[in-house]
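Structural features, examined
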Protein chains: 2
Amino acid sequence: MTVLRKHMFDLPDGMIYLDGNSLGPLPRAVPDRVAQAMTGQWGAHLIKGWNLDGWMAQPSRVGDLVGRLIGAQAGSVVMGDTLSIKVYQALSAALQMRPERRVILSDNGNFPTDLYMAEGLIRQLGHGHGLRVVDPEAVADAIADDVAVVMLTQVDYRTGRMHDMKAITERAHKAGAVMIWDLAHSAGAVPVDLAGSGAEFAVGCTYKYLNGGPGAPAFIYVRPDLADQVEPALAGWLGHEAPFAFDLAYRPAPGVERMRVGTPPVLQLTALEAALEVWEGVDMADLRAASVALCETFIAEVEARCPSLTLASPRDPAQRGSQVSFRSEHGYAAMQALIARDVIGDFRAPDIMRFGFTPLYVSEGDVRAAAKIIEEVIDGRLWDRPEYMARQRVT
Amino acid sequence: MTVLRKHMFDLPDGMIYLDGNSLGPLPRAVPDRVAQAMTGQWGAHLIKGWNLDGWMAQPSRVGDLVGRLIGAQAGSVVMGDTLSIKVYQALSAALQMRPERRVILSDNGNFPTDLYMAEGLIRQLGHGHGLRVVDPEAVADAIADDVAVVMLTQVDYRTGRMHDMKAITERAHKAGAVMIWDLAHSAGAVPVDLAGSGAEFAVGCTYKYLNGGPGAPAFIYVRPDLADQVEPALAGWLGHEAPFAFDLAYRPAPGVERMRVGTPPVLQLTALEAALEVWEGVDMADLRAASVALCETFIAEVEARCPSLTLASPRDPAQRGSQVSFRSEHGYAAMQALIARDVIGDFRAPDIMRFGFTPLYVSEGDVRAAAKIIEEVIDGRLWDRPEYMARQRVT
């Protein structure tokens, strides 16, 4: 069954948007809902909004909506902060679960902030922990007996290469390590069976395939049987058992609620909650089938039209998330030229042109049209034009 | 000169809002600006918004707007996350600056989340640090030679009692301790001379007197001469020197930018940026004079009308922030009755009725009208009514 529902998004006319793996487009339901939260809730109810408008419960309520898309049990996901903060929380809790071990294992395909947060935590602890970073293909064999935590992003942000969540989690557990999955490029992109994987922790962001908007809050999952034992490093008042008792001493809330920290970002959560409505009735297997079809079409079309581009993503769809990357020595300027032609992808140094495929609002026709424009840009050597060569920030 | 500018706020008809110390009302400029950020920026520009619409620079740009209201140097304040997270960042950095000391000193008038975050950090470090919590009046004398960090909220959230920032900072420095000020109830409430205080760190939230809306982001200040030396514990990619180089190793950005962590909450920052426009042309000395006048009128009126209420705030305006609290054994139910009469304050256990005075949108007439309604509630023993007695969450 088709999952295409372009009418639910506010996409600029003529734009082919293949960057939903970076920032999803605006779902049409969002502006009115956020406007209502501003004038009908904040403006009309002021402080009473915390009770009247359900703001206080929003991080859990929205957490459950996200949880459904990643195969998490109800009540096991909570929203808040940013992905970096959630990585830190998971990592700190995981290290506490293996006090006798000192190694955090990750790979060099992980998104840098995950590695930075690990570095910062290690430096801060000063207990001789180390971060071991290997090639993605070498991860499974690197899970040795000294590894406390395996921390991986399932889908590589550069190439779309996808780890086998279940197999690696099993391997980690066999070696006695705790498993943390970063689902930034998985949530809403591929079917995820978090509960079935047995992983202890998962984190992710919601501004990519979940279309929550710039700066949308992150999520964290804690396996339900562990959630009551986790010691929060970031022991904020909204993770307290009774925040409004204003006790001087911290007592963690039951379950994953203890991973809440400070006051939730109500406007961003409202945008996200509205954005998640586009997922009603979407079967993740259908989404995956559509995503694979779009990626396969794109690869075939681009390879046929542009022999100078080299596929940087796995050719086997089973090993790929919902994005396709090509390498080109002219990648940066070529991508600028493409963007000027309203085909929006992005560039990752040194030479990766990245395209995300989001079947909720990208059609087969879009993909074919995009490939044709890519051919025009490459054949026309548009990257030689000075206006495309200037270096600028690309997020 | 009057600072009253009620027309710039969207206040419900007939409501007297004395809870701006908890959540400020909706500034009229906010809805259109956030709507524009949704449809004109996110919707129209999608990923390009990070460059075209200045989203990436927003945390520093808005930080400077906040900085002006708290006497901070340009470029010394950055926005993001929540106050709890910012407390953690400041505290972790401060402890690293005094590796030979083990005590964090605070007081029992501090907002609990500050103490919780300290507890969590101490537990996590496992280096034998301790949190010493004394009475607010005892702080200055408790700054001993073993104190690494003095961490205080300047204005007590329950009583409005205000610490002398300059005197305590001097005392801390004389003892070799690092000073962290939480300005949650100071920013936009009283004149603050952060630069002049010499304090190393300050943090605060923006949803109270700065009217940034529910879940508005927090701020952190690092004294400029120290900012390049601070080791961020929360080493997120947007605090990296070159976030878009996607290096595997962390290198902190110059200055306070290193205290950024993850992707900034663009919608909340846009709301806050618009909200801060109401401060244009406000002289903080005028604001303070108006605030003191409102508080003095309120105390005089309530004491004259309601002898059963006991002033919980300092009587000397110089020792008080911009709020007034009264104790009453019927405080909870009486506050519910007041709220039902559209006089909005709040309650803090065990017996504190709390009223915030915000001269931008509260007038002398409002204060007198509120006092009269308080008298009616107290004289009429409205707290005896069952509808006001049920216990409920109050933020």
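Here the structure is a predicted model, which means the values were calculated and not measured.

1. Some thoughts on the interface of chain B and chain A
Accessible area lost on assembly of the parts is the figure often given for the size of an interface. Contacts between the two partners involve 86 residues from chain B, matched on the other side by 86 residues from chain A. When chain B packs against chain A, the two sides together hide about 7,400 Å² of surface, and 68% of this comes from carbon and sulfur. Here chain B and chain A share 2 salt bridges between them. For B:Arg123, the salt bridge identified is with A:Glu231, shortest N-O distance 3.1 Å. In this structure, the connection of chain B to chain A is made through 30 residue pairs in polar contact (both at pLDDT 80 or more). For the side of chain B that touches chain A, the elements supplying multiple residues, two or more each, are β3 (26-27), α1 (30-45), α2 (49-52), α4 (83-97), α5 (112-125) and α9 (266-275) of chain B. Among the elements that take part in the side of chain B that touches chain A, α5(B) stands out by supplying 11 residues, more than any other. Of the residues that constitute the side of chain B that touches chain A, the class distribution is 50 nonpolar, 25 polar and 11 charged.

2. A look at the UniProt feature "modified residue: N6-(pyridoxal phosphate)lysine" (unreviewed entry) in chain A
Residue and element names in this part refer to chain A. In this structure's numbering, the residues bearing the UniProt feature "modified residue: N6-(pyridoxal phosphate)lysine" (unreviewed entry) are Lys208. Note that Lys208 resides in the loop between β9 (201-204) and β10 (218-222). Note on Lys208: relative accessible area 11%, which makes it buried. Those residues within four positions of Lys208 in sequence are excluded, and the remaining contacts are Gly20, Asn21, Ser22, Leu23, Gly24, Ala184 and His185.

3. Side note on helix α4 (residues 83-97) of chain A
Between the first and last C-alpha of α4(A) there are 21 Å, a value that for 15 residues agrees with the 21 Å anticipated at 1.5 Å per step. Most of α4(A) is tucked away: 13 of the 15 residues are buried.

4. Observations concerning unusual backbone geometry
Residues and elements named next belong to chain A. Of the consecutive residues Ala349 and Pro350, the connecting peptide bond is found in the cis state with omega at 0°. Inspection of the secondary structure puts Pro350 in the loop between β14 (346-348) and β15 (352-356). Positive phi values are uncommon outside glycine, yet Phe246 reaches one of about 50°. Mapped onto the secondary structure, Phe246 falls in the loop between α9 (224-227) and α10 (266-275).

5. Observations concerning the packing of α4(B) against α5(B)
All names here are of chain B. Contact geometry of α4 with α5 gives a least axis separation of 9 Å together with a crossing angle of 50°. The angle between α4 and α5 falls in the class oblique. The two elements α4 and α5 meet at a crossing, and its hand is right-handed. The segment α4 lies against α5, with Ser84, Ile85, Val87, Tyr88, Leu91, Ser92 and Leu95 engaging Thr113, Asp114, Met117, Ala118, Leu121, Gln124 and Leu125. Its residues placed into classes, the contact of α4 with α5 shows 9 nonpolar, 4 polar and 1 charged.

6. Considering the sheet that holds strand β11 (residues 310-311) of chain A
All names here are of chain A. The strand order across the open sheet formed by 4 strands is β11-β12-β15-β14, and the pairing between neighbours is antiparallel. Looking at which strands have only one partner, the edges of the open sheet turn out to be β11 and β14. Its contacts with the sheet place helix α12 (residues 331-340) against β14 and β15, and it is angled at close to 40° to β15.

7. Details of the UniProt feature "binding site: pyridoxal 5'-phosphate" (unreviewed entry) in chain A
Following the UniProt record, the feature "binding site: pyridoxal 5'-phosphate" (unreviewed entry) maps to A:Leu83, A:Ser84, A:Phe111, A:Pro112, A:Thr113, A:Asp114, A:Thr153, A:Asp182, A:His185, A:Tyr207, A:Trp237 and A:Thr263 here. These residues run over 181 residues, and the two farthest C-alpha atoms among them are 30.2 Å apart, placing them at more than one spot. Looking at the secondary structure, you find A:Phe111 in the loop between β5 (103-107) and α5 (112-125). On the accessibility criterion, A:Phe111 (16% relative accessible area) is buried. Residues within four places of A:Phe111 in sequence aside, it is in contact with A:Thr153, A:Tyr157, B:Trp237 and B:Phe246. Relative to the helices and strands, A:Asp182 is located in strand β8 (residues 178-182). A relative accessible area of 2% means that A:Asp182 is categorised as buried.

8. Points about the pairing of β15(A)
Residues and elements named next belong to chain A. Most of β15 sits inside the fold, with 5 of its 5 residues counted as buried. With burial as the criterion, each face of β15 is covered, one bearing Ile352, Arg354 and Gly356 and the other bearing Met353 and Phe355. Bridge analysis of strand β12 (residues 323-327) against β15 gives 5 bridges, and the strand direction is antiparallel. Among the inter-strand pairings, Gln323 is bridged to a residue of β15, identified as Gly356.

Parameters at a glance
Residues numbered from 1 in each chain as written. Chains lettered and ligands numbered in written order. Predicted model: local features only at pLDDT ≥ 70, side-chain atom pairs only at ≥ 80, totals over all residues. Heavy atoms only, no water. Contact = heavy atoms within 4.5 Å. Buried area = accessible area lost by both parts, 1.4 Å probe. Salt bridge = Lys/Arg side-chain N within 4 Å of Asp/Glu carboxyl O. Polar contact = N/O pair within 3.5 Å; in protein donor to acceptor, adjacent residues only side chain to side chain. Helix = DSSP H or I, 4+ residues; strand = E, 2+ residues; numbered from the N terminus. Nonpolar A, V, L, I, M, F, W, Y, C, P; charged D, E, K, R; others polar. UniProt positions renumbered as here; feature names shortened; annotations may be inferred. Buried < 20%, exposed > 50% of the residue type's maximum accessible area, 1.4 Å probe, protein only. Expected span 1.5 Å × (residues − 1). Axes fitted to C-alpha atoms, helices over the stretch in contact; angles between N-to-C directions. Parallel < 35°, antiparallel > 145°, perpendicular 65-115°, else oblique. Left-handed = near helix turned anticlockwise from the far one by under 90°. Pairing = 2+ DSSP bridges.

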